[in-house]
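Tertiary structure, described
The residues making up each chain are set out below.
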Amino acid sequence: MAPSTAIVEDDERAPSGWLARILRPWHRLESSITSAALLAMVLLPIAEMVVRLVAQRGIPGSGPFVQHLTLWVGFLGAALAAREDKLLALATGKLLPEGKWRNASRLLAGLVGAAVSTALAWASWELVAIERDGGAEIALGVEVWVGQIVLPIAFVVLALRLCWRSSGRWWGRGIALLGVAVGTVVAHQPELLDGRSALPGLVVLLVATVLGGPIFVAIGGAALVLFLADGIPAAAIPVETYRLSVSQYLAAIPLFTLTGFLLAEGRASERLLEVFRALFGWIPGGTAVVCAMLCAFFTVFTGGSGVTILALGGLLLQALLADRYPDRFSVGLLTASGSLGLLLPPALPLILFGIVAEISIEELFIGGILPGILLVVLIAAWGMRVGIISRAQRTPFEPRRAARSLWQSKWELLLPVFVVVAFLGGYATLVEVSALAAFFALIIQCVIHRDVSFSGVPRVLHECAVLVGGVLIILGVAMGLTSYLVDAQVAQGVLELVRDNIESKFVFLLCLNVFLLVVGCLMDIFSATMVVVPLILPLGAAFGIHPVHLGIIFIANLELGYLTPPVGLNLFLASYRFNRPLLEVYRASLPAFLILGVGVLLITYFPWLTLGILEWLGRV
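Quick caveat: nothing in here was measured; it's all calculated off a predicted structure.

Observations concerning the overall build of the protein
Scanning the protein from terminus to terminus reveals 29 helices and four strands. Taken over C-alpha atoms, the radius of gyration comes to 24 Å for the protein, in line with the 25 Å a tight globule of 620 residues would show. Here the C-alpha coordinates of the protein stretch approximately 70 × 60 × 55 Å along the principal axes. Out of the 620 residues in the protein, the part that is buried amounts to 59%. Of the roughly 24,700 Å² of accessible surface on the protein, a fraction of 66% belongs to carbon and sulfur atoms.

Looking at the packing of helix H26 (residues 547–561) against helix H28 (residues 582–605)
With their axes 10 Å apart at the nearest point, H26 and H28 run at an angle of 170° to one another. When the interaxial angle is binned, H26 and H28 end up roughly antiparallel. For the pair formed by H26 and H28, the contact residues are His-549, Ile-552, Ile-553, Ala-556, Asn-557 and Leu-560 on the first element and Phe-593, Leu-596, Gly-597, Val-600, Ile-603 and Thr-604 on the second.

A closer look at the nonpolar core
In this structure, Phe-216, Phe-256 and Phe-554 are the most contacted members of the largest nonpolar core, which totals 201 residues. Broken down by element, the residue count for this core peaks at 18 residues, all from helix H22 (residues 457–487). Sequence-distant contacts of Phe-554, that is, excluding residues within four places in its chain, are made with Phe-353, Leu-516, Ala-528, Thr-529, Val-532, Val-533 and Ile-536.

Considerations on the pattern of salt bridges
Two side chains that carry opposite charge are able to pair once their charged atoms sit near each other. Applying the stated rule across the entire model yields 16 salt bridges. Across the salt bridge formed by Arg-83 and Glu-30, the nearest N and O atoms sit 2.9 Å from each other. Highlighted residues: Arg-83 in helix H2 (residues 62–83) and Glu-30 in helix H1 (residues 17–55), separated in sequence by 53 residues. Take Arg-83 and Glu-30: they sit in the same class, and that class is buried. Between Arg-271 and Asp-451 there is a salt bridge; the shortest N-O distance is 2.8 Å.

Reading the values: rules and limits
- Residues numbered from 1 in each chain as written.
- Predicted model: local features only at pLDDT ≥ 70, side-chain atom pairs only at ≥ 80, totals over all residues.
- Heavy atoms only, no water.
- Helix = DSSP H or I, 4+ residues; strand = E, 2+ residues; numbered from the N terminus.
- Rg over C-alpha atoms; globule rule 2.2 N^0.38 Å.
- Buried < 20%, exposed > 50% of the residue type's maximum accessible area, 1.4 Å probe, protein only.
- Areas by Shrake-Rupley, 256 points an atom, 1.4 Å probe, with all protein chains shown as cover.
- Axes fitted to C-alpha atoms, helices over the stretch in contact; angles between N-to-C directions.
- Parallel < 35°, antiparallel > 145°, perpendicular 65-115°, else oblique.
- Contact = heavy atoms within 4.5 Å.
- Core = buried A, V, L, I, M, F, W, Y, C linked by side-chain atoms within 4.5 Å.
- Salt bridge = Lys/Arg side-chain N within 4 Å of Asp/Glu carboxyl O.

Right, dumping it as structure tokens:
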């Protein structure tokens, strides 16, 4: 992202012995509350639809309750991610060799993370206290502060867990606890930073992040330092976090992510692999084409989170090697395909861009169809070429086999069609459609195919909440940083700088591509959307770029960033999943990087690919 999700390693930093026994009941309660909140997010919108259909009226407070449940799932999920060492972090921390330097980097990252989390906990408590005095209600007599109380609780837990994870020794954890003291002092004596340069604090945050500190600490800490240096109360950050969490569409992100997790948990990937091979395996490079299509299908729901490579990588690599594709090509294809699908509806980056840019998500869905298909076709064409050269094995087309596999996979294949038709047809809101998709996937896996037992559902909910928490906490604190950038008129300054130095729209788009490629290499697509989009929107408007086209350019470049050395997300995940040296993955992925780069340029300079269908529908 391209920070990578932290790869869990068995080490001395995990609680054990008597401490593990003491913490076990709390861990179970924590997981149960988070999973129950996520399940309630699925069921409440569906109940709302049913009541509206039967009684011609909705459930009082349904929408606001789902929005506040999103806040709870996001921040409790972040606490779970910290417990399991899965908070999103720059993959650069993994480049340090094991030993004293890696240990020192962990300790510094933990100390800084504890300081920032503690300061944000106090700032969140201030917000809760203000709301409690105000007495505002969510609905049905439940006051707003009840929904917000998860913020200080989660930040406190995060601070303590970052301290614990900072070292495998008690003395190291004691040093990291100094961060809690620093955060408390900063929160209670903000005048210490008022009027002072923010640069030293930003440098410390940058160093800690490069050494493997969580991304939310870097972004939230930057917002904290910048606000306090300008004399603005730190409570401005949780205010913006809360404002994002209760936005109209944000709940769709965890719900679509749950859909992807449920599909990946069972044998849906095997059924879809079979149907795609039966239909397309006969063409040259058929298995490679199938792998690209299948990865795109899953990434639509998982949002480029790495789940596609981790969940499908082993199965698809085995299929490619069995059909005599070269090993290096197979690794490169799957590394690249792990982010295919981010432009196809209902991909999560499209939803988030629409929220941040305040443009139609429906139009972004439509605008992403042709560009998304283009990138899949380019990777598939590469696979066909290699398949011909290497004389890879094909799967003869057999109508009866194709019909049988289609029938077995009919429910999975209908899912994206159902989502797009229901939303674009106006039959349900985006959140209702995402809830239905998750519920549909649950029924497919637990009732129809019985790949997942009902007793296994809590574990899937838990794993989904961990990933969602790692993403939503970044989005939440990024809103604070975005608010500062807006108040500081950074976007206007960048606009004036660009206008003074660039006159050509062609040159501007080229510079934008280079800039976004660097951003995609260094930031995850979600936090980049929160921080960068408000800056480039006025630039796009100044050069006459349609906002939907700008959104597709943005996401296409960030998708390419997953493959950009040295720290692209897919590169690290592929190295981990396929047990290959990182440099070997770099070499294997280079052809795909160049091919997708051509696709990004086509998307950038031929706006018809994005706007053509919208023009045909009379929406532009």
